[in-house]
4 protein chains.
Amino acid sequence: MKGQAMWGGRFTKRPDHLVELFNASVLFDARLALHDIKGSIAHATMLAKVGVLTEEEASIIVDGLAIVRTEIEDGKFVWQTSLEDVHMNIEHRLTALIGPVGGKLHTARSRNDQVALDMHLYVREELDMLDELLTEWMSTLLDVARRYDQVIIPGYTHLQRAQPVLLAHHLLAYFWMFSRDRERVRDARKRVDWSPLGAGALAGTTFPIDREDVAKQLDFHQLYENSMDAVSDRDYIVETLSIMAMIMMHLSRLSEELILFTSYEFGFIELDDAYTTGSSIMPQKKNPDIAELVRGKTGRVYGHLLGLLTTVKGLPLAYNKDLQEDKEGLFDAFDTVKPALVIFKAMIATMTVKTDVIEKAMRHDFSAATDLADYLAKKGLPFRQAHEVVGKIVRTCLDRQIALIDIDLATLKEHSEHFEQDALTCLLPRSVVDARNSRGGTSPVAVAQQIQYATAMLQD
Amino acid sequence: MKGQAMWGGRFTKRPDHLVELFNASVLFDARLALHDIKGSIAHATMLAKVGVLTEEEASIIVDGLAIVRTEIEDGKFVWQTSLEDVHMNIEHRLTALIGPVGGKLHTARSRNDQVALDMHLYVREELDMLDELLTEWMSTLLDVARRYDQVIIPGYTHLQRAQPVLLAHHLLAYFWMFSRDRERVRDARKRVDWSPLGAGALAGTTFPIDREDVAKQLDFHQLYENSMDAVSDRDYIVETLSIMAMIMMHLSRLSEELILFTSYEFGFIELDDAYTTGSSIMPQKKNPDIAELVRGKTGRVYGHLLGLLTTVKGLPLAYNKDLQEDKEGLFDAFDTVKPALVIFKAMIATMTVKTDVIEKAMRHDFSAATDLADYLAKKGLPFRQAHEVVGKIVRTCLDRQIALIDIDLATLKEHSEHFEQDALTCLLPRSVVDARNSRGGTSPVAVAQQIQYATAMLQD
Amino acid sequence: MKGQAMWGGRFTKRPDHLVELFNASVLFDARLALHDIKGSIAHATMLAKVGVLTEEEASIIVDGLAIVRTEIEDGKFVWQTSLEDVHMNIEHRLTALIGPVGGKLHTARSRNDQVALDMHLYVREELDMLDELLTEWMSTLLDVARRYDQVIIPGYTHLQRAQPVLLAHHLLAYFWMFSRDRERVRDARKRVDWSPLGAGALAGTTFPIDREDVAKQLDFHQLYENSMDAVSDRDYIVETLSIMAMIMMHLSRLSEELILFTSYEFGFIELDDAYTTGSSIMPQKKNPDIAELVRGKTGRVYGHLLGLLTTVKGLPLAYNKDLQEDKEGLFDAFDTVKPALVIFKAMIATMTVKTDVIEKAMRHDFSAATDLADYLAKKGLPFRQAHEVVGKIVRTCLDRQIALIDIDLATLKEHSEHFEQDALTCLLPRSVVDARNSRGGTSPVAVAQQIQYATAMLQD
Amino acid sequence: MKGQAMWGGRFTKRPDHLVELFNASVLFDARLALHDIKGSIAHATMLAKVGVLTEEEASIIVDGLAIVRTEIEDGKFVWQTSLEDVHMNIEHRLTALIGPVGGKLHTARSRNDQVALDMHLYVREELDMLDELLTEWMSTLLDVARRYDQVIIPGYTHLQRAQPVLLAHHLLAYFWMFSRDRERVRDARKRVDWSPLGAGALAGTTFPIDREDVAKQLDFHQLYENSMDAVSDRDYIVETLSIMAMIMMHLSRLSEELILFTSYEFGFIELDDAYTTGSSIMPQKKNPDIAELVRGKTGRVYGHLLGLLTTVKGLPLAYNKDLQEDKEGLFDAFDTVKPALVIFKAMIATMTVKTDVIEKAMRHDFSAATDLADYLAKKGLPFRQAHEVVGKIVRTCLDRQIALIDIDLATLKEHSEHFEQDALTCLLPRSVVDARNSRGGTSPVAVAQQIQYATAMLQD
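This write-up is about the structure you can find in this document. (Residues numbered from 1 in each chain as written. Chains lettered and ligands numbered in written order. Predicted model: local features only at pLDDT ≥ 70, side-chain atom pairs only at ≥ 80, totals over all residues. Heavy atoms only, no water.)

### Observations regarding the overall build of chain A
Part 1: Of regular secondary structure, chain A possesses 20 helices and six strands.
Part 2: Relative to its length of 460 residues, chain A is extended, with a C-alpha radius of gyration of 30 Å against a globular reference of 23 Å.
Part 3: Referenced to the eigenvectors of the C-alpha coordinate spread, the extents of chain A come out at roughly 100 × 50 × 40 Å.
Part 4: Pairs at least 24 apart in sequence give 74% of the contacts found in chain A among residues at least 6 apart.
Part 5: Averaging the coordinates of the 51 positive side-chain charges in chain A and doing the same for the 66 negative ones gives two points 4 Å apart. (Helix = DSSP H or I, 4+ residues; strand = E, 2+ residues; numbered from the N terminus. Rg over C-alpha atoms; globule rule 2.2 N^0.38 Å. Contact = heavy atoms within 4.5 Å. Lys, Arg positive; Asp, Glu negative; His and termini not counted. Charge placed at Lys NZ, Arg CZ, Asp CG, Glu CD.)

As structure tokens, then:
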């Protein structure tokens, strides 16, 4: 409850204290503490290798950093806003522990390349986590699709019933969206995996450092080849936010469908109680809160993306303090997207598909109309004409208040002599589904093939 | 450090716990606690007046709420995420204190109208605070303008020197921007000042409540006349965010100018040490961190505005859980804008204007060129021709590497016979400034009049 | 099809031609032509009054401008990108028509205050148009609400059925949203209604102009009191875009509901054919294209708002060329919002409410549950307990697969002894609606009162 | 000037005509005409191969399409908004040319997969163009860097002078930014290169089509494996807009620097007249309009990205009309980014670097201060102490009003006994630059190596 402690209630208006709080980043960048220490250990180790520090100095520093790390992990570390950021807090504590030699750790580096290093380590780790969470989520989607590979539901365009589809097919559409997201995560990772350390404040350093060595220790596959770029680059954060915005966009679409499908009017799906809540006033309610929250939080992640794009726009080289604003939105986006993926996985895995409701619902619509038109087209009618004929048949049914499936051959023949007995068969939902046997189509055969492709892709 | 406690580090992936945290709003809506209690007291008082509660019941409830308020103010209240939100936390504690009668407080209201009430109270209070902060900030701008009503600086368009202006005039441009922001705050306040209580979950209530009485107690000047509107309206939050985005837009422009004017190249202004910081590596640096941060945080506030607009887009009536996302961005925007105004006020009040540097800088440019053209225009030349003549004079100066001010009458006459001795006078920065005597112009006389208007506007 | 003509197809890559096109604004700012001429006439008239032009010069200029205006209105004017913008195109043509005296029109003004004037005239006119369109739209909403003041539909929260409401009540919720938008339009208009002319390039002018006279001619109620503010202010455009974003937000919510209500599953409403389209492939489809388009175009208007906020962020005073980007997004927003309001008005006025479908749909849900709980609360049970009892009754119904309305007194009494015969009455949708008689509630009496308030507000 | 023709002037308010214009996309999607025809030819060819069309039918259709293509290329095609979109316009003309067989072209496809195909072809082509333009722009950056590999300019952080750098180094920072953009373009291309044709309206088709064949004809390396995904996927457009937002972000940073560097106060650079404009009122002005416009247009591209993200948020599967909004923003973004790259290339290639101004400017600052501190650190002082010592030296210089470079050894020794004669040498800009010899640093040796890497990367 940062805000409350800091700015809330009756506003104090003491500018000096406000300035300290305004400048301080430690309230959020403390999250980078372990990455900061990891980077510092690699830096100190390298400095000893190239002779800028003695082996003994490096050893004292590394041991001291290990103590600080333990204090942080044990929750005993005292963060101070007066020390501004995570780096100064740690260095201050290090020097308290090991004396002035602690000051030598900052040789040949600047806070500019130091924080860049921390962020690269952090984002890389989080991208790997996202990759893992996406993989698990895709795996669940695939499992659930397999479970419902015989269930037919209405397929929609314009939220109007269009053509029946397998529920498996519908779910797999999401599988592919997230597979692209995972690919984007991996592509972005390549561009995060660059080591900025050694860029100094902006121009490199006068010390004979070995940047490759640090990169190797920290498992970076590439170096920034330009020191000014290294300290001012925030592309990888913008790109990461873009990808998270896309993931939320996909989750928001699925959320919308869950909200629709669990409504009284659709009634196709029931979510496990764990993912719904009741009403404080209406005893009958079972609200799909999680789906609504995820849909709502999409705006939040979009906002973080736009916020950072706006912040970086028009900044001259190299580092500017504006860039400190790269963190909170990113952290919040990870804190939004990661649990959303975990919860969705569990929610989808436990949902109940109400097949009886769905079957009843399928009985009365007109979603086989395309197939009647295709039937005529296959008999040689130009499709545009066939479409017109079937339009009239639909109108006839509506006038007589019967379902398309209840039409008889005589009536069909009134509209076109091309109709034969087999025209009636093609009106069954199952026939409609079976008939869409083109690659990527919704027929059980095509979906089985699709599941094979998806399985292979998942293991990739 | 919410994120860290909740989601950070190695990800637990236990969905049940995640769901609780995902759903819970108490980590941020606890900020509304005192407004919630205030609203509840008004509600209970009204319920007694109309006979839904007995006087005794109401009295017990009100006393209980007073105790809870004290616990919160004293920092002794224990917030629980398992109780989800601020409302349930308070009611739970109330019932623990006063027994089952606590449950009667929720008669004739729902969390939907309750949270709407809290937010209206909160936003109204914050808008009043913004109004006050803007007024103080405008007052400082006006004071500082008065202080520099004789200092001439270059005026820029396209960041190229255009025409000299009074520093007072330049500063007053900002005064008017913020005066419009203050007006917007006041206009928005009218639309916040509506009481939603009594809307129930969405359709009103079956109890014989007196909405006017609650509104009167809480000093609302109007009621929502439609219960569904009352619980689903987030316009006032979007509007408030729009206004804060605009305030940040204005501060970002001033920030940019402070960053420019304190650069080595301009050197017009020096900020007090309190608002700058040094470098961990470059001992000579004095960085305008506050100005950069405010410029950077502009993106953040824009992001919150866009986030909420996106969240509300396409939501059906009435309440949807997505709307819970209306709070954090708003809170953060207030936490950004309010201290920014306070700090800017102090920073501008204490800045040093380096008049000697400025005077020297004014000596050599060509910003009196317009006045030469105006001179010719007043002698009868169509302005477009006069402009062309002066363009050639500028070119001559550049070729000879002299300043415009160093030109002699003979040279002028070579370009146009209309030039007389008084043409030379009009080249002095002071003459240029004095000559712009139209209303709203930069001449000392016009600026003095402007200051009068501004003073009157401020006291409005 | 600007893009196509200019940049499309195989890319020419000739930078000089690209620069001309990149710089030129005439392809979009030609829209301001009539405002530009109107402003120029006022300027010339004033210049004659103060003696900067002779009466004869002014008269020639004004007559020339009238000819240009006619050429434009008749579609005979030839716009040239080589002349960059609307101002130069018109002045160029004017000078061709009346000779060098045309050049005198630009005396005592700059393109910076000229374009600012044009935009103020344009935006003011468009805001007045928006006001008018909103009023007509609100009037239609009110009419349609009156038409359906006896039709009961399910009221939703979380898209789950909550409590029945009058369709009139539901529609009126939108009335109030748009009434606030109209109020915002009027508030914004106050801040557009400032005359910038006379600000010159940035610092005022050396000519003895009479800014009040121009303002009076053009019906402005106020002057910019600071010339730098006058030429760099884009607040009023940002504010106008904010308001249009809000209007689209409201339309997007109604769009979503129309899409839901016209779906097969809901089936409450049928739109007139004029506002739906068929499918090129599915003969049975009747798609709510207009509602979808408006929902989709919401993103577009949000984008224009963000775009301008981003563009203005961090710009130093006074005019910068970036500000030329203030126009296209604004124009497009007006071109989106205005027809959307007109079309929605016609679409809502002509929609068919399928009362039989709705009545049938109301029969089976549990949306009277709150009233059962209120019933118990009125008998003295704390509401939280009453809520729990009714929750169990709902569960019982679900187990027995009966509607709440089909329950008998005996069963009710099993759950609480407080139930009497009148408990059954309160389960009827009409009873539920009638009972919500608090001000702003959904009862017919309350809604009738609400309609009175709305009628009064509309005529305001 | 679409808007003007369609909505402008006095608003007609005839909703039926407005609906036609609102629905119609042909005013912008006509841009896809050639891609549409290309896709149709491939489709017809395949239909003949699998026997759905006869060879003769296919041949007539393909020949007819060729005629339509020629009509379009020759500008003779008459687009009609009453025919709604590019597809219907073309099919309508085709049928007029070849008779009812034209209607058979639409067999086994829907407008949903047809427009998806067109957009994939279009975006893929534009990404290839972007790749090419980025490569040419990077090549120019590299050339210009090579040209200035001995010019030293101040390096900035916080817009305060920090440490001197080679201009080549500064320019190369941008090279790397755009190299990442190019990589992103290539990564995105992989995800555009999927063929959607065959997805039908949403569920596949009942015809025995050969999707692989179409893909092969159109050079797609992959198929959408899910028909619902194929027609509702707009990821690739969002991703493309994200990348263009990033490119504009990078160009906006360079623009800001050009605006700074061409200002009177910096004066480091002069742009060729072709990329600047004058003032209508101030004869001396040379404004960097192009750089300002590009900086300003950044907001526009950001807006398009946000617009589409918002539009797609929360859309259920599969196609919804909202998705028609995917085009105009994208087209406009390409129309902005592509000429910006071309113009920047020409502008940077022709700019003049004013080395004499820069050299003079370098003389007086304190940007060698870090090197003095490093000097002490190398003598064994902990860096934090060295930093403190040099801070005091800077203060001394400021007090005495001398440049750092004018200090003498005696004064240095007063501050620390570690200083020797060689300390003075390290104060020269050239020494400072030479000393930053770490990989990626600004020393001439390091920069030469960097140029080698960049050259290799460019040819990649």
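Back to the write-up after that little detour.
### Brief notes about the interface of chain A and chain D
Part 1: Contact with chain A, which involves 99 residues of that partner, is made by 99 residues of chain D.
Part 2: Interface area lost by chain A to chain D is led by Glu225, Arg253 and Arg439 of chain A, which between them contribute 9%.
Part 3: The tally of links from chain A across to chain D stands at 20 salt bridges.
Part 4: The tally of links between chain A and chain D comes to 54 residue pairs in polar contact (both at pLDDT 80 or more).
Part 5: At 14 residues, the largest contribution of residues to the side of chain A that touches chain D is made by helix α11 (residues 235-261) of chain A.
Part 6: When grouped by side-chain class, the residues that make up the side of chain A that touches chain D number 41 nonpolar, 31 polar and 27 charged. (Buried area = accessible area lost by both parts, 1.4 Å probe. Salt bridge = Lys/Arg side-chain N within 4 Å of Asp/Glu carboxyl O. Polar contact = N/O pair within 3.5 Å; in protein donor to acceptor, adjacent residues only side chain to side chain. Nonpolar A, V, L, I, M, F, W, Y, C, P; charged D, E, K, R; others polar.)

### With respect to the packing of aromatic side chains
Two aromatic rings are characterised by how far apart their centres lie and by the angle between their planes.
All names here are of chain D.
Part 1: For the structure on display, the rule yields 54 aromatic pairs over all chains.
Part 2: For the ring pair Tyr375 and Phe419, a centre distance of 5.7 Å and an interplane angle of 15° mean the geometry is stacked. Linking Tyr375 in helix α15 (residues 369-378) with Phe419 in the loop between α17 (409-415) and α18 (422-425), this pair joins segments that are 44 residues apart in sequence. The burial state of Tyr375 is the same as that of Phe419; both residues are buried.
Part 3: Over the ring of Phe220 we find Arg124, and its NZ or CZ is 4.5 Å from the ring centre. (Phe/Tyr/Trp six-rings, centres within 6.5 Å; stacked < 30°, edge-to-face > 60°. Buried < 20%, exposed > 50% of the residue type's maximum accessible area, 1.4 Å probe, protein only. Lys NZ or Arg CZ within 6 Å of the ring centre and 35° of its normal.)

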